[in-house]
Amino acid sequence: MTVSQIPEAVRRPRPATRTGAIRSGNLPRTSMTARRHRAFYLFTSPWIIGFLLLTVGPMAYALWLSFTTFDGISPHWSFVGFANYRELLSDPVTWDSLSRAGVFALTSVPLSIVAGLGLAVLVNRPIRARGLWRTLLYLPAVVPPVGAGLVFKTLFNRDSGAANGVLNLAGIDAVAWLDDPYARYVILMAVLWGAGNVMIISLAGLQDVPRELHEAARIDGASAWRTFRSITVPLLSPVLLFQAVTGMIASVQTIMPLLIAPNPTPAGVTAIPQTNYMYMMHVFAEYFALGRYGYASALLWVLFVLILIATGLIFKLTSGVVFYNVDPEAKK
Amino acid sequence: MGRRRFLALSASGAAAGASALSGCALQVAGAATGDGESVTVMAKLDDIAPELIQQAQKELGIRITVVQDDITRLIAMLTSGNPPDLVRGVGALDAPFYAARGVAEDLDPYFAKSTVLRVEDLDPVNDLWRYDGTAQGKGPRYGMAKDFSQDSMYWYNTAQFDRAGVDYPAETEPITYEEWLEKAERLVERKNGQTTVYGGSYNGVNIVILLTNLVAAAGGNIFSEDFTRVDFTTPEARRALTWYVDYARARVGPSLIQPNPDAWDGPTYVANRMAMSGSGYWLGGMINAEPKIAEVSRLAPAPVFGGGPRLSSCQAGTGMWMPKKARNKDAAWRVFEWFFGEGPAKARAAGGWGIPTLKSLRPLMPRKEEYQQRVLRVQEAELKHFSVTPFTPYTKWDALEALLNQVMPAAMNGRISVDTLAGRLNSSVNEQLKRGKEQVG
Amino acid sequence: MTATTVTPKNLDPAVRVRVRTSRLVLYTVLVMVTGLLIGPFGWLVITGLKTTPELAASPVHWLPDTIQWHNFADAFTDIDFLGYARNSLIIALIYATLVTLSSAWVGFGFARLDAPGKKVLFGILLGSMMLPQMITLFPTYLIFAKVGMVDTYWPWVLWGLSAAPYLVFLFRQFFAGMPRELEEAAIVDGCGYTGIFWRIFLPQSWPVLAASFVIAFTWTWGDFIAPMLLLSSDRTTLSVAIMTSYVTDGGLPVNNLAAAGSVMYVVPILLIFLIAQRGFVAGMSTTGLK
């Protein structure tokens, strides 16, 4: 059953004094509340501690690094204040790679959500061996990034890859898929290949749509598309929003351009086609090739802040559009 | 769905965790175990294969642990005060970098006492691992090469030459770079937008050391006297740059704008899809494994620029160095000796993947087949022209390569001229060198 | 919610034809899409069955002339495949088990309890999902090195105990949807929240536990950055081994072996997913990510 079907009375908590079923006498509210407070911190403590030690600590270190010219090996480095930040803000490569990452996120995320949703709808229909089809469609999503890189590298190899083999059969000249300007499409395809991830989650969301709503719509004479558009999608909107945000975060950090490069090493990262030289590749080059630990840390901190801002924007822009069936925060 | 089943599951999970917690991560088969001193080597997984680790355990009584060769890991280990005892490095490019920063141990005292690695027996290529505070090639030894090739040489496929009606290059007399490019243009074969046969590939071990050597072959020097600056605008540098850009523009072989998806020449060459491959003796190791290709493959001397010196240096010289802060230096030296002078070195020599760096091991190079003997003849003649082309200590080679990779494609695509290219290279590389100079102090 | 796969017989013929054509279209689309997605993986398998010259042949060699089954055997024996797989398995099991339990624990806290500062903490939790992983790489190594945890399983134990924000969110949504009465009845019985968690909420959340386990397991199985940094080559995981081992003596990649190795590397995850698949979907659905 879904939350919406739980009777109101049950969802709204009642103060302990009103149930009348307490045997040990009326517990004073403050003690109960205090107990809940303590319990809250007890339960969240593993995350809090781990977060402080394993995340905040390293991040603080990275922040400190971003104010230095540390290169990792030599003892002669210095504090330079905001110089790294000033440099990265005025470097055209930073902005170019950032805009490429942005464009990539804006294209790959919506496309993969649409693809995943489409797949989910497809697999939600009454067909035989549904489990098998689902597994097959999900399979590419579990192939680790390294494997996926190898797959696309060999598939789109200009001279010995199957993609051009197919084109040749159709009488079309071979395309240099892995070079400018086509390389970005290969990356896009690699991302869409993993649409199974979106499919699985959307599938779960689809199955939660109450049948009664579909029935009601059909009785009212709505077409399948209309039902989909006006009922299914709005009900799925929180799920889709969640995936949009996580998808955006993942796409700006993608290392796929590196994995399909012929020379997937630090030195080779700047040799990848310009259209794929995204922000993370730039960070990679500064960090591992040029050895500028301080500068790279600054780049990463800037990325983090941008991600926070972008997420905030996404939430704001979609707040009117996303339909929350129930707000868990309302249950107090 | 009982509590019992649940608790049982979580208990077993915890038990598994606990047993694993009691010790370190489990080793895979072939890892060194048992007693004896322990030496940590940072190398690529198969520089020291499991069989070698077992061998070391038996012969030396030393346990070798291999850590994946990774610069971040190296820096982290150095920073945390627990560096590996031996670190893999590319002699031509890494030796000055680490030596100049004072993190590498001076190994001359060890060499002087060694009976396995005698200084007279060391091939001149090991001078790549010498640095005197200013220039590479002289001074104390900080490491040694495990094997080498003269990387400006090239292999060629006589069957492809016959098909295109192109004359073979002479066995011991070099052709010019311009002639090489001409031959490549006649050898290349294209169809339907694909390149079915590459005319020739010439990219060196990497673009940085290739350019350094091309400029030297043109009679100049990329670096200033003190290695703190580069100048790509000298006539010699421009000649070299122009040639390399022309090579890329002709699209006769893999380059930055036409990368080889196979990542290196080997697979393409043995697939009979490459008429010439600018690789040294070491490619023979791959060629030997494919008899059909081996029969028609020959090694040719390094090309020259008309009017320039005849140089044939080594662009790699991969070997190992010892961090100053290593904890187990004597044991590490024993491993060093064994790796470079005993069993492993002999196996490498016989495998044909490189020329041994000890003169006494040269007779072990493969010479059973006729084509192997011909290759050896050419190689031995070429050894006379070996010299060290010094590299700068003020930056890591990957940094330079990354900078070069950023600018060169535009020139190769014809969007900027070689002069503009030279100017841009000067500014970005010099900036990096300046930072490096600050770091050396 | 069972699927009806049989055309109801009491429809009139015209409708039945329409239903059948639409079903035909459905299956055609399904087959095409599946082919499109599985195709590349099939290409990986084929690549693993070729010889090196065939790999680089141009124009493309669709199928190998002779199937090199031995490539798979070689990929398995050239390195201690089982040994690396065992390490991957251990680490993935440790992490997946611990992170599932701890994320359930933390998720319960966020779902059923509150305290001053809860909103802030929740915001931080969500915000921490947005951290680029690379930012903490180098400092994390330094920390673990300082306490001597390199080359051990401890980092994964600690990461597991600290819960993963994504999974915490998953559990939180699920636990939030369970009725208050369960909790209140237990409090009435004198049960503390710990008891409520272990005895009531957790046992009811099998599908989500399964989903979380599968997700965490897949993450760890595929992760190569952490093992590469924290484990030596003789103790590392399969993910690192696959990436670095299939090379020639000179260190250059041998793609057919790498392809074969990659295929074998993916198989365990597939099996796990196949087995857990129904529970997985059910688990994700009951969280009602709303």
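Residues numbered from 1 in each chain as written. Chains lettered and ligands numbered in written order. Predicted model: local features only at pLDDT ≥ 70, side-chain atom pairs only at ≥ 80, totals over all residues.

## With respect to the overall build of chain B
Part 1 of the reasoning: Assigned secondary structure in chain B consists of 17 helices and 14 strands.
Part 2 of the reasoning: In summary, chain B has a C-alpha radius of gyration of 24 Å against a globular reference of 22 Å for 441 residues, a match within 12%.
Part 3 of the reasoning: Its C-alpha atoms put chain B at 75 × 55 × 50 Å along the principal axes. (Helix = DSSP H or I, 4+ residues; strand = E, 2+ residues; numbered from the N terminus. Rg over C-alpha atoms; globule rule 2.2 N^0.38 Å.)

## Notes on the overall build of chain A
Part 1 of the reasoning: Assigned secondary structure in chain A consists of 15 helices and 0 strands.
Part 2 of the reasoning: Among the 332 residues that make up chain A, the fraction classed as buried is 44%.
Part 3 of the reasoning: Within chain A, counting contacts between residues at least 6 apart in sequence, those at least 24 apart form 68% of the total. (Buried ≥ 20, exposed ≤ 12 C-beta atoms within 10 Å, placed from the backbone. Contact = placed C-beta atoms within 7 Å.)

## Quick word on the confidence of the model for chain A
All names here are of chain A.
Part 1 of the reasoning: Summarising the model, chain A shows a mean pLDDT of 80, and 87% of its residues fall at 70 or more.
Part 2 of the reasoning: By mean pLDDT, helix H2 (residues 16–19) is the weakest element of chain A at 41, and helix H4 (residues 83–90) is the strongest at 92.
Part 3 of the reasoning: Taken as a whole, residues 1–25 scores under 50 in pLDDT and shows 30 contacts with residues more than four places along the chain or in a different chain.
Part 4 of the reasoning: Here residues 325–332 scores under 50 on pLDDT; set against residues more than four positions off or in separate chains, the count is 13 contacts. (pLDDT = per-residue confidence, 0-100.)

## Points about the pairing of strand E5 (residues 136–141) of chain B
All names here are of chain B.
Part 1 of the reasoning: Bridge count between strand E4 (residues 130–131) and E5: 2 bridges; the pairing is antiparallel. For Tyr 131, the partnering residue across the bridge sits in E5 and is Gln 136.
Part 2 of the reasoning: Between E4 and E5, which pair antiparallel and follow one another directly, the connecting turn spans 4 residues, one of which, Gly 133, has a positive phi of 105°. (Pairing = 2+ DSSP bridges.)

## Regarding the sheet that holds strand E12 (residues 297–300) of chain B
Paired through backbone hydrogen bonds, the strands of a sheet run either parallel or antiparallel to each other.
Residues and elements named next belong to chain B.
Part 1 of the reasoning: Overall, antiparallel pairing links the 3 strands, which are arranged E11-E8-E12 in an open sheet. For this open sheet the edge positions go to strand E11 (276–277) and E12, each flanked by a neighbour on one side alone.
Part 2 of the reasoning: By the bridge criterion, 4 bridges tie strand E8 (residues 154–157) to E12 in an arrangement that is antiparallel. In the sheet register, Trp 155 faces E12, and the bridge partner there is Leu 299.

## As for the environment of B:Val375
Residue and element names in this part refer to chain B.
Part 1 of the reasoning: Structurally, the position occupied by Val 375 is in helix H15 (residues 370–383).
Part 2 of the reasoning: Here the alpha-carbon distance between Val 375 and Gln 432, two residues 57 residues apart in the chain, equals 41 Å.
Part 3 of the reasoning: Every residue in contact with Val 375, bar those within four places of it in the chain, is listed here: Gly 284 and Leu 299.

## Topic: the interface of chain A and chain B
Part 1 of the reasoning: Taken together, the 28 residues of chain A in the interface contact 30 residues of chain B.
Part 2 of the reasoning: Looking at which element gives the most residues to the side of chain A that touches chain B, the answer is helix H14 (residues 279–289) of chain A, with 3 residues.
Part 3 of the reasoning: Tallied by class, residues from the side of chain A that touches chain B come to 13 nonpolar, 9 polar and 6 charged. (Nonpolar A, V, L, I, M, F, W, Y, C, P; charged D, E, K, R; others polar.)

## Some words on the domain arrangement of chain B
Residue and element names in this part refer to chain B.
Part 1 of the reasoning: By the assigned domains, chain B splits into domain 1 (37–149 + 315–380) and domain 2 (154–312 + 394–440).
Part 2 of the reasoning: Domain 1 puts 20 residues into the contact, and the matching count from domain 2 is 25 residues.
Part 3 of the reasoning: Mapped by element, the contributors of at least two residues to the side of domain 1 that touches domain 2 are helix H4 (91–100) and H15.
Part 4 of the reasoning: Ranked by residue count, the leading element in the side of domain 1 that touches domain 2 is H15, at 5 residues. (Domains from an automatic or database assignment.)

## Some points on the pairing of strand E13 (residues 318–321) of chain B
If a strand is regular, its side chains alternate between the two faces of the sheet.
All names here are of chain B.
Part 1 of the reasoning: Residues Thr 318 and Met 320 point to one face of E13 and Gly 319 and Trp 321 to the other, with burial holding for every one of them.
Part 2 of the reasoning: Of the pairings in the sheet, the one linking strand E3 (residues 86–90) to E13 comprises 4 bridges and is antiparallel in character. Bridge pairing in E13 places Gly 89 opposite Gly 319.
Part 3 of the reasoning: Both strand E6 (residues 143–145) and E13 contribute to a ladder of 3 bridges, which runs antiparallel. When the bridges of E13 are listed, Gly 143 appears paired with Trp 321.

## Here we look at the interface of chain A and chain C
Part 1 of the reasoning: Every contact between the two is made by 87 residues of chain A and, on the other side, 88 residues of chain C.
Part 2 of the reasoning: Considering every element that reaches the side of chain A that touches chain C, the biggest residue donor is helix H3 (residues 29–65) of chain A, with 18 residues.
Part 3 of the reasoning: Of the residues assigned to the side of chain A that touches chain C, the class counts are 57 nonpolar, 21 polar and 9 charged.

## Remarks on the environment of C:Leu229
Part 1 of the reasoning: Position of C:Leu229 relative to the elements: it lies in helix H12 (residues 225–230).
Part 2 of the reasoning: A count of 22 C-beta atoms within 10 Å places C:Leu229 in the buried class.
Part 3 of the reasoning: In this structure, the C-alpha to C-alpha distance between C:Leu229 and C:Asp151, residues 78 residues apart in sequence, is 9.4 Å.
Part 4 of the reasoning: Sequence-distant contacts of C:Leu229, that is, excluding residues within four places in its chain, are made with B:Thr72, B:Arg73, C:Leu137 and C:Tyr141.

## What to know about the packing of helix H4 (residues 81–112) of chain C against helix H11 (residues 206–222) of chain C
Residues and elements named next belong to chain C.
Part 1 of the reasoning: Running from N to C, H4 and H11 point in directions that differ by 140°, and their axes come no closer than 8 Å. Compared by their axis directions, H4 and H11 come out oblique. The element H4 and its partner H11 pack so that their crossing is right-handed. Here H4 contributes Ser 88, Ile 91, Ala 92, Tyr 95, Ala 96, Val 99, Thr 100, Ser 103 and Ala 104 to the contact with H11, which in turn contributes Leu 209, Ser 212, Phe 213, Ala 216, Phe 217, Thr 220 and Trp 221.
Part 2 of the reasoning: Here the residues of the contact of H4 with H11 sort into 11 nonpolar, 5 polar and no charged. (Axes fitted to C-alpha atoms, helices over the stretch in contact; angles between N-to-C directions. Parallel < 35°, antiparallel > 145°, perpendicular 65-115°, else oblique. Left-handed = near helix turned anticlockwise from the far one by under 90°.)

## Side note on unusual backbone geometry
All names here are of chain B.
Part 1 of the reasoning: Here the phi dihedral of Arg 251 falls at roughly 55°; this positive angle occurs in a residue that is not glycine.
Part 2 of the reasoning: Positionally, Arg 251 belongs in the loop between helix H9 (235–250) and helix H10 (265–270).
Part 3 of the reasoning: On the basis of neighbour count, Arg 251 is assigned to the partly exposed category, with 18 C-beta atoms found within 10 Å.

## Side note on the environment of A:Leu65
Residue and element names in this part refer to chain A.
Part 1 of the reasoning: For Leu 65, the position within the fold is in helix H3.
Part 2 of the reasoning: Separated by 143 residues in the primary sequence, Leu 65 and Asp 208 have C-alpha atoms spaced 47 Å apart.
Part 3 of the reasoning: Setting aside residues up to four positions removed in sequence, Leu 65 forms contacts with Phe 70, Tyr 293, Gly 294 and Ser 297.

## A look at helix H1 (residues 13–48) of chain C
Residue and element names in this part refer to chain C.
Part 1 of the reasoning: Across its 36 residues, H1 extends 51 Å between first and last C-alpha, which sits within 8% of the 52 Å expected from 1.5 Å per residue.
Part 2 of the reasoning: The axis of H1 is deflected most strongly, by about 35°, at Ile 38, and proline Pro 40 appears within four residues downstream.
Part 3 of the reasoning: Taken as a whole, H1 has its buried residues at Leu 37, Pro 40, Phe 41, Trp 43, Leu 44, Thr 47 and Gly 48. (Expected span 1.5 Å × (residues − 1). Bend = angle between axes of the 7 residues up to and from the residue.)

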